[in-house]
Amino acid sequence: MHRFFSLGLRGQLALAALVLLALPWVGWRYVQEMEGFLLEAQEQTLLGTARAVSTALHERPALMALRSLSPRPFELGIDPLYWFPDTPSSADTEPGPARGESANAREGEIEAILKGIERSTSRIWVVNREFRVIALAGNLKRAESAEVSGSWYADILRELSSRILQRPTENFDAATPEDVLSSGPEVLAALQGAPRTRVRQTPDGKAAIVSAAHPIWAGDEVVGAVVAEESTNSILSVRNRALERLLLATLASFVIASAVLLGLATRISWRIRRLRDETEGAIDAQGRITRKLSGTRAGDEIGDLSRSFSAVLERLAEHHSYLETMASRLSHELRTPVAVVRSSLENLKLEPSPAEARVYVQRAEQGLARLSTILTRMSEASRLEQGLLATERERFDLTLVVSGCVEGYRSAFPARQFDLLIPDAPVAVEGSPELIAQMLDKLVDNANDFGVPGTPISVHLERVGAVAELGEMGRVVLSVSNRGDPLPEGTRERLFASMVSVRRDAGGDKPHLGLGLYVARLIAEFHRGSIHAENLPDGQGVAVKVQLTPLA
Amino acid sequence: MGTAMPRRIALVEDDPAIRANYADALGKHGHEVLAYGSRNEAMAAFRVRLPDLAILDIGLGDDSDGGFALCRDLRALSAGLPIIFLTARDSDFDVVSGLRMGADDYLTKDISLPHLLARIAALFRRIDVQREPKAADDILERGQLALDMKRFTATWNGARVELTLTEFWMVHALARFPGHVKNREQLMREANLVVDDDTVTSHMKRIRRKFQAITPAFDEIETVYGMGYRWKG
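Residues numbered from 1 in each chain as written. Chains lettered and ligands numbered in written order. Predicted model: local features only at pLDDT ≥ 70, side-chain atom pairs only at ≥ 80, totals over all residues.

Asks: Can you walk me through the overall build of chain A in this structure?
Replies: Along chain A, the regular secondary structure elements total 13 helices and 13 strands. Looking at chain A as a whole, 28% of its 552 residues qualify as buried. The long-range share in chain A, meaning contacts at least 24 apart out of those at least 6 apart in sequence, stands at 69%. (Helix = DSSP H or I, 4+ residues; strand = E, 2+ residues; numbered from the N terminus. Buried ≥ 20, exposed ≤ 12 C-beta atoms within 10 Å, placed from the backbone. Contact = placed C-beta atoms within 7 Å.)

The following block contains the structure:
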């Protein structure tokens, strides 16, 4: 029963194991949420930093009057602290409201504040209302930490994950504050008095920057803003580590679970297949039980199934042997009452009786004769089976037996034409010529009963597959065919079982018990041959073929 | 069947209806019938006085092989007493066992009364002829084979071939017309036998084996497949 799309147990379990693929997805969602939390936390922290710095700078309007940062290109990795007090060479500076001693003192104060800020991991700058950067501290970039290689699988995993995941890089384009300021809504919002955070991409898109801006108040007026910035690289590396571990864990569990499931499925399907093979092997083509099923001792459902199969087969075998011996036992049991009837009738005939009574006696005797024939036929198979054990095998020429028998049939069935075809050369086989003749009797009887009256019966003996040069003897096929109705579907194998007849009406005075072909099969098997029936190619008749192995 | 003197025939059969029927039929033919239903009953009577002929069933009540044991005991009492098995059992094994026990013939219950009577008469004739050695011989000779038609004995090459009555009649049917094929039905008719084809086959096998015991190369009886048998002569 193979459908076009059929999956074995292993395939089905493998499909079921795909459910495990949901695990990495769930993990991925979890990591994403975690990343979101971290990002929010980072924003809040930055905002806190900005607030703290601005708190230190509130109510210092003089500070904002300081010269702003000169618009020169930002240089990476140099001094993280830029502080530009008044530089005379600078053209666009405004003159501060206070110069000299007081300015120096303030500078020192602010410097102290910013020194403290410098310790933070953020980049912090202070802008005035004109979007001018008046102080800048810290660096967006962290020192690249050398990835310590743990073990070989960690390396492989990292290599693998780097193909999937975007690794945080410190090699990004840290935009100069001017660019940020000109495009920064958070700075704008802070200068209008509202603290604000923002996440933006670096211009080259290699990293994301979180920035938080907080206003600096002087009285009721916003005099500037503190902007704190950090890259999200630390979150990214945390996320990546989490994803790596997730990948490792799910991959490992997937592999282990798949291996376990596959092993389980293989074992189950192997056991089921073995059970199937054993069950199929226990019954031959004729439906006989040839050997018993061992039946495993396994305690699970399959073991249970095999034991119940074994029990079923055993009961079936008992029933089968009961059926096969039933005919002979029945015939034996019936012989005694038949003998009573027969001897009674014979005694009755010795008595003087009226003429009309004799008619009934005669009819009773006719019925009795038929009954005797039935009984004899019923026990024929079992007598043959017993006889086969003692039969000596001899070497004989099959062509002589077949041609002799056909001669006999021609005189026994004068109304029937027999077509005989035999090889010119002798065909030596080992066995019993009497049994072969008996088998041929059964086959010809059968063909005669089924054949349309007036049509010939063909008896053919042919060698097939013989290769003389190789000494290959091939097989010899003896076929008896008659014209008539083809075999009903599905009866070919059963035909040769004991007491099976596919005859539609058991008419006529000849009893038909379905034992003739069974006897033929016993004889064919005694000769280590096989027997089967098939419809003629034109569907207008049936051929029974016996295959035997000739001797050299 | 004009028998000069009444014969005493012992019939051991466990089925009362068959026993009564056979007893009646044999009685009507002038025989004195002693019917017994069990082995012990029969043996007790045989120890007192032996019958002229014993007809035994094999299965006697619960004793499924009681007839065989009875035959052995009876043979021990008398070597010359004719014994016939008349039974429902028709397997080769039972036939061989019965004949090996020393029975003169083995018949199945399919046999008709006239056939049974013919056999009984033949057995008595054989005994009578043996008692009168001076009687004129009626010998059929075919080469090395000699059939004594009065004593129902056969010799091959001068040696006695121990044939049962059935076998003797079959050999006779074949040897009477050497070269002629006798089919199974003819052989059965000649042997006053109602059996199936296989039984004829196994009879022929046993007959051949008995001759081969004297001359291993014996092949006078030829099987004509699909037709029957013939005596080559």
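From this point, the discussion proceeds with the structure in view.
Asks: Would you mind showing me how to read the sheet that holds strand β8 (residues 418-421) of chain A here?
Replies: Residues and elements named next belong to chain A. A sheet is described by the order of its strands in space; here five strands give the open sequence β8-β10-β11-β13-β12, paired in mixed fashion. Each of the sheet's edge strands pairs with one partner strand only, and the pair in question is β8 and β12 (530-535). When the angles between neighbouring strand axes are averaged without regard to direction, this sheet yields 15°. Judged from the six bridges that link them, β12 and strand β13 (residues 541-548) form a sheet pairing that is antiparallel. Bridge pairing links I531 to V546 in β13. (Pairing = 2+ DSSP bridges. Axes fitted to C-alpha atoms, helices over the stretch in contact; angles between N-to-C directions.)

Asks: In this structure, what is going on with the pairing of strand β9 (residues 428-431) of chain A? I would like to understand it.
Replies: Here is the key point about a regular strand: its side chains alternate between the two faces of the sheet. All names here are of chain A. On β9, burial follows the alternation: V429 and G431 on one face are buried, whereas A428 and E430 on the facing-out side are not. The pairing of strand β7 (residues 394-397) with β9 spans four bridges and is classified as antiparallel. Bridging from a neighbouring strand, E394 pairs with G431 of β9.

Asks: Would you mind showing me how to read the interface of chain B and chain A here?
Replies: How big an interface is tends to be reported as the loss of accessible area on association of its parts. Opposite the 25 residues of chain B that make contact, chain A presents 29 residues. Sorting the residues of the side of chain B that touches chain A by element identifies α1 (16-28), α4 (92-100), α8 (197-212) and β10 (221-224) of chain B as the ones contributing at least two each. The element best represented in the side of chain B that touches chain A is α1 of chain B, accounting for seven residues. Looking at side-chain class alone, the side of chain B that touches chain A contains 10 nonpolar, six polar and nine charged residues. (Nonpolar A, V, L, I, M, F, W, Y, C, P; charged D, E, K, R; others polar.)

Asks: Please clarify how the confidence of the model for chain B should be interpreted in this entry.
Replies: As a note on interpretation, predicted positions should not be read in detail where pLDDT is low. When the pLDDT values of chain B are averaged, the result is 84; 93% of them are 70 or greater. Here the predicted complex carries an ipTM of 0.78, next to a pTM of 0.56. (pLDDT = per-residue confidence, 0-100.)

Asks: Before we go on, may I ask you to explain the nonpolar core in this structure?
Replies: One broad trend across soluble globular proteins is that nonpolar side chains are buried collectively. In this structure, I55 and V171 of chain B are the most contacted members of the largest nonpolar core, which totals 62 residues. Top contributing element to this core by residue count: helix α6 (residues 165-176) of chain B, with seven residues. Non-local contacts of I55 of chain B, meaning those with residues more than four positions away in its chain, are made with I9, A10, L11, I84 and L86 of chain B. Ranked by size, the runner-up nonpolar core spans 48 residues in total, among them L398, Y518 and A524 of chain A together with Y225 of chain B. (Core = buried A, V, L, I, M, F, W, Y, C linked by C-beta atoms within 7 Å.)

Asks: Quick question: what am I supposed to make of α6 of chain B here?
Replies: An α-helical segment advances 3.6 residues per turn. Residues three or four places apart therefore align on the same side. Counted at 1.5 Å a residue, the expected span for α6 of chain B with its 12 residues is 16 Å, and the 16 Å between its end C-alpha atoms agrees. Counting buried positions over the 12 residues of α6 of chain B gives 10, a clear majority of the element. (Expected span 1.5 Å × (residues − 1).)

Asks: How do you make sense of unusual backbone geometry when you look at a structure like this?
Replies: With phi around 55°, R528 of chain A is a residue other than glycine that occupies positive phi space. Residue classification places R528 of chain A among the partly exposed positions, given that 13 C-beta atoms sit within 10 Å. At N157 of chain B, a position not held by glycine, the phi torsion is positive, near 60°.

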